[in-house]
Amino acid sequence: MFAVSAAAVLVCMVLAMLRAVLGPTAYDRVLALNNIGTKTVVLIAVLGFVNGRPDFLDLALAYALINFIGTIAVLKYIEYGDLGVSAPRETGTE
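Not measured: the values here are computed from a predicted model.

Draft legend 1. Region of the structure containing the overall build of the protein. When its secondary structure is counted, the protein shows three helices and zero strands. Here the C-alpha radius of gyration of the protein, 17 Å, is well above what a compact globule of 94 residues would show, namely 12 Å. Taken over the C-alpha atoms alone, the protein extends approximately 60 × 30 × 25 Å along its principal axes. The burial tally for the protein puts 19% of its 94 residues in the buried class. Carbon and sulfur atoms provide 70% of the accessible area of the protein, an area that totals close to 7,000 Å². The positive charge centre, built from 6 side chains, and the negative charge centre, built from 7, are 8 Å apart in the protein.

Draft legend 2. Focus on the environment of Arg19. Take Arg19: it is sitting in helix H1 (residues 2-22). The sequence separation of Arg19 and Val30 amounts to eleven residues, and the corresponding C-alpha distance is 9.6 Å. With sequence-adjacent residues up to four places away left out, Arg19 is seen in contact with Pro24, Asp28, Arg29 and Ala32.

Draft legend 3. Representation of the packing of helix H2 (residues 26-50) against helix H3 (residues 56-80) in the model. Contact geometry for H2 and H3: axes closest at 9 Å, N-to-C directions at 175°. By the angle between their directions, the pair H2 and H3 is classed as roughly antiparallel.

Draft legend 4. Looking closely at the environment of Ile72. As for its position among the elements, Ile72 is in helix H3. Exposure remark for Ile72: the relative accessible area of 45% places this residue in the partly exposed category.

Draft legend 5. Region of the structure containing the environment of Asn35. Structurally, Asn35 is set in helix H2. Owing to a relative accessible area of 33%, Asn35 belongs among the partly exposed residues under this scheme. Separated by 32 residues in the primary sequence, Asn35 and Asn67 have C-alpha atoms spaced 9.5 Å apart.

Draft legend 6. Representation of the side chain of Thr40 in the model. Locating Thr40 in the fold gives a position in helix H2. Residue classification places Thr40 among the buried residues on the basis of a relative accessible area of 18%. Discounting residues that sit within four places of it in the chain, Thr40 has contacts with Met13 and Tyr63.

Draft legend 7. Summary view of the side chain of Thr71. Relative to the helices and strands, Thr71 is located in helix H3. For Thr71, a relative accessible area of 11% translates into the label buried.

Draft legend 8. Local environment of the packing of H1 against H2. At a minimum axis separation of 8 Å, H1 and H2 run at an interaxial angle of 165°. Comparing their axes, H2 and H1 come out roughly antiparallel. The hand of the H1/H2 crossing is left-handed. Residue composition of the contact of H1 with H2, grouped by class: 19 nonpolar, three polar and four charged.

Rules behind the numbers
- Every residue gets a number counted from 1 within its own chain, in the order that chain's sequence is written.
- Given that this is a predicted model, residues contribute local features only at a pLDDT of at least 70 and side-chain atom pairs are listed and counted only at 80 or more, while totals for whole chains, interfaces and linings are drawn from all residues.
- Hydrogens and waters are ignored; side-chain quantities use all the structure's heavy atoms.
- Runs of H or I in DSSP of at least four residues are treated as helices and runs of E of at least two as strands, each being numbered from the N terminus.
- Radius of gyration: C-alpha atoms only; globule rule: 2.2 Å multiplied by the number of residues to the exponent 0.38.
- Relative accessible area decides the class of each residue, using a 1.4 Å probe on protein chains only: under 20% of the type maximum gives buried, over 50% gives exposed, and in between gives partly exposed.
- Areas reported as accessible are Shrake-Rupley estimates using a 1.4 Å probe. Residue values count occlusion only from the protein chains shown.
- Under this rule, positive means Lys or Arg and negative means Asp or Glu; His and the chain ends count for nothing.
- The atoms used to mark charge sites are NZ of Lys, CZ of Arg, CG of Asp and CD of Glu.
- Any two residues whose heavy atoms approach within 4.5 Å are treated as being in contact.
- Between N-to-C directions, angles cover 0 to 180 degrees, with each direction set by a line fitted to C-alpha atoms, over the stretch in contact for helices.
- Our angle categories are set so that under 35 degrees counts as roughly parallel, over 145 as roughly antiparallel, 65 to 115 as roughly perpendicular, and the remainder as oblique.
- Crossings are classed by handedness, with left-handed meaning an anticlockwise turn of the near helix from the far one by less than a right angle and right-handed meaning a clockwise turn.
- Under the scheme applied, nonpolar residues are Ala, Val, Leu, Ile, Met, Phe, Trp, Tyr, Cys and Pro; charged residues are Asp, Glu, Lys and Arg; polar residues are all the others, including Gly.

Right under this line is the structure:
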């Protein structure tokens with residue numbers, strides 16, 4: 001059963017890779033790479049459960065945090081062209 005779920009996750013990763021290569025915009029590509037990272041976390045968790053290694057869940061959580069931070073950083077770089085730029089603030093005047 002876990003082999004089938006791992007195979008399904010790999011198929012989803014291949015489809016996300018196609019979206020990353022063929023995506024019409026940069027945002028589609030970044031979100032496809034984020035999806036691949038999320039599926040990798042699921043795959044690590046499934047393989048850890050199959051092998052009886054619960055410490056793989058710690059690795060999966062660490063990878064999920066790195067994936068999230070990396071996605072936010074790439075999207076900010078695409079939007080502003082620099083990671084040190086703050087978002088524009090609303091002045092409150094309407």
